[in-house]
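One letter stands for each residue in the lines below.
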Amino acid sequence: MFCLRVRRGQLPPLRPRLPTLRITTCALLLSLSSFAWAGEKNRQKVVVLYSHDRLLPANVKIDAALRAEFEQRPELGIETHAEFLDVISFPSPDRDSALEGYLRVRYSDEGPRAIIAVGDPALRFFEDRRQSLFKGVPLVVVGINRKNEMLLENDPLATGIMQSFRVEPTVDAMMNLRPEVKRVILVAGSSEFDDLWNAVADSETDRLAGKMTVGYWKGLPHPDLMSKAAALPDDTAILYLSY
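Residues numbered from 1 in each chain as written. Predicted model: local features only at pLDDT ≥ 70, side-chain atom pairs only at ≥ 80, totals over all residues. Heavy atoms only, no water.

Chemist: Could you give me a rundown of unusual backbone geometry, with the residues and numbers involved?
Modeler: The phi torsion at Asp86 lies on the positive side, around 50°, for a residue other than glycine. Looking at where Asp86 falls in the secondary structure, it is placed in the loop between strand 2 (78-84) and helix 3 (95-106). Here the phi dihedral of Phe134 falls at roughly 55°; this positive angle occurs in a residue that is not glycine. (Helix = DSSP H or I, 4+ residues; strand = E, 2+ residues; numbered from the N terminus.)

Have a look at this one:
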């Protein structure tokens, strides 16, 4: 089984860079600036809805980057409020309707000036309720799969930067690093978030199969996953899509 180990000092230190988020935030700041010039009181709520858990590393970095950008414009008085769908931990079909009711009550006295959707589930949540929840409020999207771009086509108050999720470039890098690898196992779970990556991998199956043998392990319990992985030969790599 393929396993790549990197010793300290072999790679430069990683520094979080979020240029896409900065561009997206600029659009939001421009929309909020109009309220400031209109003489509104110096407090403007921005609701940020994250698709996943509060402690997900990507969410922590996005939250820090947003706050850093807003702090550079203190005259706008931006006040961020983070909310979480947490679609993996709470997959109940009643989750979204319950959250809608909660948000409606929480922001009934003073609604947000803008809303930010982080991830595809958050985007779908807001777009399904554009006429009933925070109607007429600008929407900024972050970390959205380009396949969902059509959700924004008929929403003149929505903006953001799309991104593409692909498996093939990672497989290509794997082949360059370890050309002896002849087979790759794609591992994913069975949650709503995992389904996104499953769909991406399924769409690239033909191209991947032309380069090496491809296998799929989807939704395996952790003990079964570990047992199967331990039995793999040396010419096989594992690529975790999500789990």
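Having seen the structure, we can now continue with the description.
Chemist: Any chance you could break down the pairing of strand 1 (residues 44-50) for me, citing the residues and the numbers?
Modeler: The buried count for strand 1 comes to seven of seven residues, which makes it a mostly enclosed element. Across the two faces of strand 1 the burial is the same, with Gln44, Val46, Val48 and Tyr50 and Lys45, Val47 and Leu49 all buried. When strand 1 meets strand 2, the two strands line up parallel, connected through seven bridges. Within the sheet, the bridge partner assigned to Val47 lies in strand 2 and is His81. Regarding the hand of the β-α-β motif, the stretch spanning strand 1, helix 2 (residues 57-71) and strand 2 is right-handed. Here five bridges tie strand 1 to strand 3 (residues 114-118), and the two strands are oriented parallel to one another. Of the residues in strand 3, the one forming a bridge with Val46 is Ala114. (Buried < 20%, exposed > 50% of the residue type's maximum accessible area, 1.4 Å probe, protein only. Pairing = 2+ DSSP bridges. Right-handed = clockwise from strand over helix to strand, strands pointing away.)

Chemist: An account of the environment of Gly101 is requested, with residue identities and associated values reported.
Modeler: Structurally, Gly101 is set in helix 3. Each C-alpha atom, one on Gly101 and one on Leu133, is 9.3 Å from the other, the two residues being 32 residues apart in sequence.

Chemist: Now, about the nonpolar core: what can you tell me, with residues and values included?
Modeler: One broad rule of soluble globular proteins: the nonpolar side chains tend to lie buried together. In terms of nonpolar packing, the biggest core is built from 22 residues, with Phe125, Phe126, Phe134, Leu139 and Val141 touching the most fellow members. Counting residues per element, the ones that place at least two in this core are strand 1, helix 3, strand 3, helix 4 (120-127), strand 4 (139-145) and strand 5 (158-163). Among the elements that make up this core, the one with the highest residue count is helix 4 (four residues). Dropping the residues within four chain positions of it, Leu139 is found in contact with Ile115, Ala117, Leu123, Phe126, Glu127, Arg130, Asp155, Leu157, Ala158 and Thr159. (Core = buried A, V, L, I, M, F, W, Y, C linked by side-chain atoms within 4.5 Å. Contact = heavy atoms within 4.5 Å.)

Chemist: Lay out the pattern of salt bridges in plain terms, naming residues and giving numbers.
Modeler: Counting across every chain of the model gives 13 salt bridges. With a closest N to O distance of 2.3 Å, Arg73 and Glu75 form a salt bridge. Of the charged contacts, one joins Arg95 and Asp96 as a salt bridge, the two residues approaching to 2.9 Å between their closest N and O atoms. Through salt bridges that share partners, Glu168, Asp172, Arg207 and Lys211 make up one connected network. (Salt bridge = Lys/Arg side-chain N within 4 Å of Asp/Glu carboxyl O.)

Chemist: Describe the packing of aromatic side chains, with residues and values.
Modeler: Aromatic ring pairs are reported here in terms of the distance separating the ring centres and the angle at which the planes meet. As enumerated under the stated definition, the model contains four aromatic pairs in all. With centroids separated by 6.4 Å and ring planes inclined at 50°, the aromatic side chains of Phe126 and Phe134 adopt a geometry described as tilted. Each of the two residues, Phe126 as well as Phe134, counts as buried. Taken together through their ring pairs, the aromatic side chains of Tyr107, Phe125, Phe126 and Phe134 make up a single cluster. Sitting over the ring of Tyr216, Lys218 keeps its end group 5.0 Å from the ring centre. (Phe/Tyr/Trp six-rings, centres within 6.5 Å; stacked < 30°, edge-to-face > 60°. Lys NZ or Arg CZ within 6 Å of the ring centre and 35° of its normal.)

Chemist: Go over the environment of Val184 with me, naming the residues and quoting the values.
Modeler: Mapped onto the fold, Val184 is located in strand 6 (residues 183-188). Sequence separation between Val184 and Met212 is 28 residues, and the spatial gap between their C-alpha atoms is 7.2 Å. Not counting residues up to four positions away in its chain, the partners in contact with Val184 are Met174, Met212, Thr213, Val214, Gly215, Ala237 and Leu239.

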